[in-house]
Amino acid sequence: MVQKTARERIEELRETIRHHEYLYYVLDSPEISDADYDKLMRELQSLEKEHPELITSDSPTQRVGGKPKEGFAKVPHSRPMLSLDNAMSEEELRDWDRRVRQLAGPGQQISYVCEYKLDGLSMALRYQQSEDGAAHLKLGLTRGDGLIGEDVTTNVRTIRSVPLSIPAAKLMKAKLPADFEVRGEVVMPLAAFEKANEEREAQGLAPAANPRNFAAGTIRTLEPNIVAQRRLDFYAYFALTPAGEDLFQEQSQALDALAAAGFRVNPHREAIDSFEKIMDFIQRAEQHRATLGYEIDGVVIKVSSTELQQRLGYTGRAPRWAIAYKFTARAGITQVEDIRVQVGRTGKLTPVAVLTPVLIGGTTVSRATLHNADEIDRLGLLIGDWVRVERGGDVIPKVVEVIEDKDHPRGKRKFQFPSLCPECGSEIVRTEGEADYRCVNADCPARLRESLLHYASRGVMNIEGLGEAVVNQLLERKLVRSIADLYKLDESALLSLDRIGEKTARSLLREIEQSKKARLDRVLYGLGIRFVGERTAQLLAEEFGSMDAILSASQEDLERVNEVGPKVSQAIHEFFREEKNRELVEHLRQAGLTLTAEKRKKTSQLEGLTFVLTGTLPHLTREEAKAKIEAAGGRVSGSVSKKTSYVVAGEDAGSKLDKAHELKVPVIDELKLLEMLG
Ligand code: IVH
C-alpha cells in the first residue's frame, strides 16, 4: 500500500517537474518560482532515495549520471551530417534560387523555409520506443567528421530543453513515431556565457572566446556535472527516421511536429514562396540579431518539400536544397603591432593589442582586448603575430587565435607584463585567485581619467563633449581632481583649454548642468563601483529609493535585491566605506544632483498593470515584450490569476489562454499591446 502511494506520488512529481522544465527551458515562460521548483525536485529526490527500485532513467533527477569512462565512443551517423554552402551576398543567393528553380523544372511551385542560423554545434539525438510506448532518449551524437560522431549522451542529458522521454499521447498528437532521430543545434545563451565567463575570471581563468567555443568545449567535457551547471539549449531543426530518412513531406511540418513533441524549435521561422520575402526575412533577422539572447550568424534557407529535396540532391559535402546566407563577417585577420597595458577605473590592468587597422563588419578595428596576462600565455601571442580578431554584438573586439602559415609568419618579440603601474609607477598586485593585476594607488591618474570618461559616457550621465581630449586636458591642468569637480567648472576654465571656443565651452557647461537631472540609477552606475552595472544600479535605485539608503545599507540588506550576491554587495560596501567616496557623494549632493529615485510612476502608461505573455507574438520576442512593458511601468508575471490585468496572446498560446478565459481576464494581441505602449 505504502509502496503504491510512493509510486503514484513519484509519477505525479515527475510529471509536474517535466511540465515546469518545459515551461522554463523550452518556452521561456515559467509559472512557478525557482524555490518552488527546487522543493518539488527535493521531494522527488528524497522519495527516490527511499525507493531506489522506482528510479527510472528518464526521471528529472537522472539528468546528471555517471561520467563517460574514457573519452567518447564513436558511432556512425544514420545519414551524413553535412554542412551548408554559403551565400555571402544577395547576388549569390539569387543564383542559388535560380538554380533550384531550374533543377526543379518548369512550373514547379517552390516553397522555402527560412530559419535562423544558430551559431553553435550540431547534434543528433536518437529516441527509441520503450514498453510504455513513450520515446526515450538513447543517444546524443556530435557531428564529428560528418560520418561518425561522438557519443556525448551523458552530457546531452543534462540539457534541460532536451526531453529525456516523450509520452505516447504527446507523440501521437505531434504525429511523431516513437523511434526517430532529431537533429539540431546546441547553443549557449549569451547570459549563460557571460555568467560562466565571469565565474572563470573570478577563479583566475582566462575567459572563453565566444559562446560557440564554450558550448563545444562544454559538450565534450568528461564531467557531466559541469555541463549541468552551464546552461545550454538545444534547438531542433530536422526529424528523421532511425535509418536517416525524412519523416515528413515538408520541412515546415517537421518543425511544427518537433515543437508539438516538446522540443525547443526556434519560433523565428517562416514558410516563404518568393525571393523578395527571403531578403525581407534576412533583413529582419539581421536587425533582430543584436537583441536575441543567443548568437546567430546568418539565415538558413531550405526547400520545404522533402520530395524536391531528394530530387535536388547533394554536391560533395552540402545539399543543393539548402543554403546559408551569412551575415557580414564579424571577424578579420590582422597583425599585432604592439601590446600596451591600460589601467581601468577600478585599477585593473588590461593588456590591449594594438593592431594594423582592419575592417570588421563595417567598423575599423585597431585595438583588441587581451583580457589579462594569462590570456596572452594561452594564446601564445608574440608581438608581430598575425591574429584572428572577432567582434561579437556590441562587445569590444578580441583576439581569438594566432594564425600561422606561410603567408602569416610568427612574430618574434615576447611581451613582458609590467611590474609597476604603467601610468603612475605604483606597485601592482594580483589577489590570490584572480586573473587581474591592479594598481594599488587609489589616486592613479589613469583611474581618475577612466572614471571621468565612464561617468560622462552615453550610457551613463550622457555628457556630450566630455571625451578623451577634454578629460586629458582637465586632468593635466589639474582643473578636475574628482568627478564632483566637473560641477565646479566655469566658462573661463574651459576656455583655457586647447581647441575650445566659447560655443563649445557653453554647450559643454549646458551638458554638465543637464546631467544634474539624471536619475539616481545613472548616478549610481556613474560612480564606477565594481560589479555595479547598469541593471544592478537600476535594481538598487528602485529598491532603496535614495543614495543615502544604499550608502547605509548592510551587505545583508543589499543582497535582498534580486541579482545582488555576496560579491556585488561586498564591492558596494567596500566602496562606500572609503571616506573619499562618501565625500564624492556629498559633493555631488551639494552640486545639486538627484540622489533620490525619480518617481517615474505617474508618467508611465502601464503603471499598476500586470501582464502575462503566452504564445509566439508576430514581431516581439518574449524578452522584448517584457522589457517594453516594464519600461512603461507594468509588470510581467508568469502565471494568470485574478490579479492579472491582461493576457497577451500570440500564436500557439497554451494553457494560460484557457486560464484567462476561465478567470475572465481580458486577452489582447501584440498590436493592442503596442497601442497601449503608445
Ligand atoms: S541545416 C544539411 N539549419 O550550420 C543541412 N543548420 O553550416 C545542414 N546550423 O552544420 C544543417 N542553424 O551546425 C541547419 N537552422 C539551421 C541551422 C544550421 C545552424 C548549423 C549546423 C550546420 C551548419 C552548416
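Residues numbered from 1 in each chain as written. Predicted model: local features only at pLDDT ≥ 70, side-chain atom pairs only at ≥ 80, totals over all residues. Heavy atoms only, no water.

**A word on the confidence of the model for the chain**
Link 1 in the chain: Mean pLDDT over the chain works out to 89, with 95% of the residues at or above the 70 mark.
Link 2 in the chain: Looking at the elements of the chain, mean pLDDT is at its lowest for helix H6 (residues 190-202), recorded as 80, and at its highest for strand E8 (residues 180-187), recorded as 98.
Link 3 in the chain: Low pLDDT (under 50) marks residues 599-603, which in the prediction has four contacts with non-local residues, meaning those over four places away or in another chain. (pLDDT = per-residue confidence, 0-100. Helix = DSSP H or I, 4+ residues; strand = E, 2+ residues; numbered from the N terminus. Contact = heavy atoms within 4.5 Å.)

**Quick notes on the site of the ligand**
Link 1 in the chain: Not every one of the 13 residues close to the ligand is listed here, only the nearest: Glu115, Leu118, Glu185, Tyr237 and Lys302.
Link 2 in the chain: Within the contact set of the ligand, an oxygen atom lies 3.2 Å away from a side-chain nitrogen or oxygen of Lys117.
Link 3 in the chain: A distance of 2.7 Å is found between an oxygen atom of the ligand and a side-chain nitrogen or oxygen belonging to Glu185.
Link 4 in the chain: Coverage of the ligand by the protein amounts to 88% of the 520 Å² it exposes when considered alone. (Near = heavy atom within 4 Å. Polar contact = N/O pair within 3.5 Å; in protein donor to acceptor, adjacent residues only side chain to side chain. Areas by Shrake-Rupley, 256 points an atom, 1.4 Å probe, with all protein chains shown as cover.)

**Comments concerning the state of the cysteines**
Link 1 in the chain: Applying the stated criterion to the full structure yields zero disulfides.
Link 2 in the chain: In this structure Cys421 is a free cysteine whose sulfur lies 3.7 Å from that of Cys424, the closest cysteine sulfur available.
Link 3 in the chain: There is no disulfide at Cys424, and the cysteine sulfur nearest it, in Cys439, is 3.7 Å away.
Link 4 in the chain: Look at Cys424 and you get partly exposed, because its relative accessible area is 27%. (Disulfide = S-S within 2.5 Å. Buried < 20%, exposed > 50% of the residue type's maximum accessible area, 1.4 Å probe, protein only.)

**Observations regarding the packing of helix H13 (residues 445-456) against helix H14 (residues 468-476)**
Link 1 in the chain: The N-to-C vectors of H13 and H14 enclose an angle of 135°; their axes lie 10 Å apart at closest approach. Considering the angle they form, H13 stands oblique to H14. Where H13 crosses over H14, the two elements pack in a sense that is right-handed. Facing Pro445, Leu448, Arg449, Leu452 and Leu453 of H13, the residues of H14 in contact are Glu468, Val471, Asn472 and Leu475.
Link 2 in the chain: In terms of residue class, the contact of H13 with H14 is built from six nonpolar, one polar and two charged. (Axes fitted to C-alpha atoms, helices over the stretch in contact; angles between N-to-C directions. Parallel < 35°, antiparallel > 145°, perpendicular 65-115°, else oblique. Left-handed = near helix turned anticlockwise from the far one by under 90°. Nonpolar A, V, L, I, M, F, W, Y, C, P; charged D, E, K, R; others polar.)

**Some thoughts on the sheet that holds strand E5 (residues 135-142)**
Link 1 in the chain: Taken together, five strands build an open sheet; the order of strands is E7-E5-E4-E8-E9 and the sheet is antiparallel. Taken across any chain shown, the strands that pair with only one partner, and hence form the sheet edges, are strand E7 (165-166) and strand E9 (233-240).
Link 2 in the chain: Bridge count between strand E4 (residues 121-129) and E5: seven bridges; the pairing is antiparallel. When the sheet's bridge partners are listed, Leu125 is paired in E5 with Gly140.
Link 3 in the chain: Where helix H7 (residues 211-219) meets the sheet, it contacts E4, E5 and E8, and its direction lies at approximately 40° from that of E4. (Pairing = 2+ DSSP bridges.)

**Comments concerning the nonpolar core**
What tends to happen in soluble globular proteins is that the nonpolar side chains get buried as a cluster.
Link 1 in the chain: Leu93, Leu125, Tyr127, Phe234, Phe263 and Ile301 are the most contacted members of the largest nonpolar core, which totals 76 residues.
Link 2 in the chain: In terms of nonpolar packing, the next biggest core, distinct from the first, is built from 55 residues, Val523, Met547, Val585 and Ala591 among them. (Core = buried A, V, L, I, M, F, W, Y, C linked by side-chain atoms within 4.5 Å.)

**Side note on the pattern of salt bridges**
Link 1 in the chain: The tally for this structure, following the rule as stated, stands at 50 salt bridges.
Link 2 in the chain: A salt bridge links Arg519 to Asp521, with the shortest nitrogen-to-oxygen separation between them at 2.8 Å.
Link 3 in the chain: A relative accessible area of 7% places Asp521 in the buried class.
Link 4 in the chain: Where salt bridges share partners, they join Asp28, Arg231, Asp233 and Arg264 into one cluster. (Salt bridge = Lys/Arg side-chain N within 4 Å of Asp/Glu carboxyl O.)

**A closer look at the packing of aromatic side chains**
The description of an aromatic ring pair uses the distance of the two centres, along with the angle that the planes make with each other.
Link 1 in the chain: With the rule as written, the count across this model stands at 15 aromatic pairs.
Link 2 in the chain: A centroid spacing of 5.2 Å and a plane angle of 90° characterise the contact between Phe575 and Phe576, whose relative ring orientation is edge-to-face. You'll find Phe575 and Phe576 in the same group, each marked buried.
Link 3 in the chain: Taken together, a centroid distance of 5.6 Å and an interplanar angle of 25° make the contact between Phe611 and Tyr646 stacked. (Phe/Tyr/Trp six-rings, centres within 6.5 Å; stacked < 30°, edge-to-face > 60°.)

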